[in-house]
Amino acid sequence: MNRVYTDESPPTHHLTNKLTKGYQALIDAYGVATYQEINPAIFTVVTFPFLFGIMFGDMGHGPFLFFFGVWMIYKEEHFDKRKAVMSEIFYMLYAGRYIILMMGIFAAYAGFLYNDIYSKGFNIFGSSWHMPRNDKVNYSSTDYVTLDPKYDYDQPYFYGIDPMWIIAENELTFMNSYKMKMSVILGLCQMTFGLCLSCINY
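Procedures and definitions
- Residues numbered from 1 in each chain as written.
- Predicted model: local features only at pLDDT ≥ 70, side-chain atom pairs only at ≥ 80, totals over all residues.
- Heavy atoms only, no water.
- Helix = DSSP H or I, 4+ residues; strand = E, 2+ residues; numbered from the N terminus.
- Buried < 20%, exposed > 50% of the residue type's maximum accessible area, 1.4 Å probe, protein only.
- Contact = heavy atoms within 4.5 Å.
- Patch = residues over 30% accessible without salt bridge, like charges linked within 9 Å, V, L, I, M, F, W, Y side chains within 5 Å.
- Areas by Shrake-Rupley, 256 points an atom, 1.4 Å probe, with all protein chains shown as cover.
- Salt bridge = Lys/Arg side-chain N within 4 Å of Asp/Glu carboxyl O.
- Expected span 1.5 Å × (residues − 1).
- Arc of directions from axis to C-beta.
- Phe/Tyr/Trp six-rings, centres within 6.5 Å; stacked < 30°, edge-to-face > 60°.

Visitor: Just to check I follow, could you spell out the overall build of the chain for this structure?
Guide: Per the secondary structure count, the chain includes eight helices and zero strands. Secondary structure of the chain in N-to-C order comes out as α-α-α-α-α-α-α-α. Counting over 202 residues, the chain shows a buried share of 28%. Across the chain, every contact between residues at least 6 apart in sequence was considered, and the portion connecting residues at least 24 apart equals 66%.

Shown next, in the form of structure tokens:
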């Protein structure tokens, strides 16, 4: 047997399963990792749906996506027989059924963290804020009461957003700013992680 030397790069083949196939297709759309490079699709299985959940956190929409993904996975055998007659849009949804499932899980988790269901807040564990008793204030009026954290706040809320923010005048400004900053910070971490992978690969 003779060994033939060549300057051409060896081909790349990634072994995938039902869970990772959609993520691998997503990564391949941006570029295929060359021979012996670290495949970023492994990490995308977690980071992609997690960042989606951070940006789309809702206890109402999250379970909807989750159960839609479960339904498509449950009907896999039925849909596999009908791939040839599927519309292009539904085929794309079906191909990403595991992505949709995980996006629903993380969206529900982030929605619980944001205390948000269909853009409405909910109060399960009470609040760490308490309303001061002041006979000069008419609490039945539409006027807002300013709470001082030094006197009106007991301890940090143990999980997520305190439900008192639901009725705050600046609730929308605070929540949008909170979600934006969180998304930017986590996105920056992901980009830094990608640069670290590039350093290892090259």
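Visitor: Sorry, what's going on with a nonpolar patch on the surface here?
Guide: On the surface, a nonpolar cluster with roughly 270 Å² of combined accessible area is contributed by Ile42, Phe43 and Phe193. Among the secondary structure elements, Phe193 is positioned in helix α8 (residues 171-201).

Visitor: Honestly, helix α3 (residues 61-74) in this entry has me stumped. Any pointers?
Guide: Note: α-helices contain 3.6 residues per turn, so residues at a spacing of three or four share the same orientation. The end-to-end C-alpha distance of α3 is 20 Å, a good match for the 20 Å that 14 residues give at a rise of 1.5 Å each. Within α3 the residues assigned to the buried category are Gly62, Leu65, Gly69 and Met72. Projected down its long axis, α3 shows its buried positions confined to an angular sector of 100°, all on one face. Exposed residues on α3 whose side chains face more than 90 degrees from its buried face are Phe64, Phe67 and Tyr74. Among the structural elements, α2 (41-55), α4 (76-80), α5 (88-95) and α6 (97-114) are those in contact with the buried residues of α3.

Visitor: Sorry, what's going on with the side chain of Thr44 here?
Guide: Here Thr44 is to be found in helix α2. By relative accessible area, which is 11% here, Thr44 ends up buried. With sequence-adjacent residues up to four places away left out, Thr44 is seen in contact with Tyr23, Ile27 and Pro49.

Visitor: Explanation requested: unusual backbone geometry in the structure shown.
Guide: The phi torsion of most residues other than glycine is negative, and most of the peptide bonds are trans. The phi dihedral of Gln36 falls on the positive side, at around 70°, and the residue is not glycine. As for its placement among the helices and strands, Gln36 is situated in the loop between α1 (21-28) and α2. Its relative accessible area of 68% is what places Gln36 among the exposed residues. The phi dihedral of Asn115 is positive, around 60°, even though this residue is not glycine.

Visitor: Would you take a moment to explain the packing of aromatic side chains for this structure?
Guide: Aromatic ring pairs are described here by two measures, namely the spacing of the ring centres and the angle between the planes. Inspection of every chain in the model, using the stated rule, returns 10 aromatic pairs. Seen from their ring centres, Phe50 and Phe106 are 5.7 Å apart, and the 85° between their planes marks the pair as edge-to-face. Taken together, the residues Phe50 in helix α2 and Phe106 in helix α6 connect sequence positions 56 residues apart. Take Phe50: its relative accessible area is 26%, and that puts it in the partly exposed class.

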